[in-house]
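# Structural features, examined
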Amino acid sequence: MELLALLLLAAVPLAGAWYARAYAPRHTWSFTGVALGLVISPLSTGLYSTFFLSPLGFPTGMLGLVSTLFHGAPGYQFALWLGVVPPNEVVSGVGHVYIELLNGVFWAAIYGIFGFIVDWARLVHSR
């Protein structure tokens, strides 16, 4: 059940893109970037979990593994710096929630900035 919930997070950036295209077309990539950044870390974990379902899950599992290794580190580092999780211990319980919340904030800002740059470039080139 958790795997399905993690994989359904892919609907968040799709809904963000649809909403932005309908109501704020000049900011489509910014909205989509922020929406993707909010869910990319847990979505990556969900993709990684498909590796264990069947041999058909190998490609998505490997994609999820690489993405989890990349997208999971900033939230953990921020959690260490803020003292939310103890150093040199395995993260468990509510520590995962804190890390994912910090990842969401960090990656939403990063992908939102990239989306803003794309929107700006589209606006400049359309003139």
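Residues numbered from 1 in each chain as written. Predicted model: local features only at pLDDT ≥ 70, side-chain atom pairs only at ≥ 80, totals over all residues. Heavy atoms only, no water.

Another point: the overall build of the protein. Looking only at helices and strands, one finds five helices and zero strands in the protein. Along the chain direction, N to C, the helices and strands of the protein fall in the order α-α-α-α-α. Looking at the protein residue by residue over its 127 residues, the buried ones come to 30%. Computed over 4 positive and 4 negative side-chain charges, the inter-centroid distance for the protein is 31 Å. (Helix = DSSP H or I, 4+ residues; strand = E, 2+ residues; numbered from the N terminus. Buried < 20%, exposed > 50% of the residue type's maximum accessible area, 1.4 Å probe, protein only. Lys, Arg positive; Asp, Glu negative; His and termini not counted. Charge placed at Lys NZ, Arg CZ, Asp CG, Glu CD.)

This next bit is on the packing of aromatic side chains. Counted by the stated rule, this structure contains 10 aromatic pairs. Residues Phe78 and Trp81 carry aromatic rings whose centres are separated by 5.6 Å and whose planes lie at 65° to one another, so their mutual orientation is edge-to-face. With Phe78 and Trp81 both in helix H4 (residues 58–82) and three residues apart, the pair spans about one turn of that helix. Classification of Trp81 as exposed rests on a relative accessible area of 64%. (Phe/Tyr/Trp six-rings, centres within 6.5 Å; stacked < 30°, edge-to-face > 60°.)

Low pLDDT means the predicted atomic positions in that stretch should not be read closely. Per-residue pLDDT for the protein has a mean of 93; in total, 99% of the residues score no lower than 70. Per-element mean pLDDT across the protein ranges from 87 in helix H1 (residues 2–8) up to 96 in helix H2 (residues 11–23). (pLDDT = per-residue confidence, 0-100.)

Turning to the pattern of salt bridges, a few remarks are in order. One pass over the full model with this rule turns up one salt bridge. A salt bridge links Asp119 to Arg122; the shortest N-O distance between them is 3.7 Å. Of this pair, Asp119 and Arg122 both sit in helix H5 (residues 94–126), separated by three residues, roughly a single helical turn. (Salt bridge = Lys/Arg side-chain N within 4 Å of Asp/Glu carboxyl O.)

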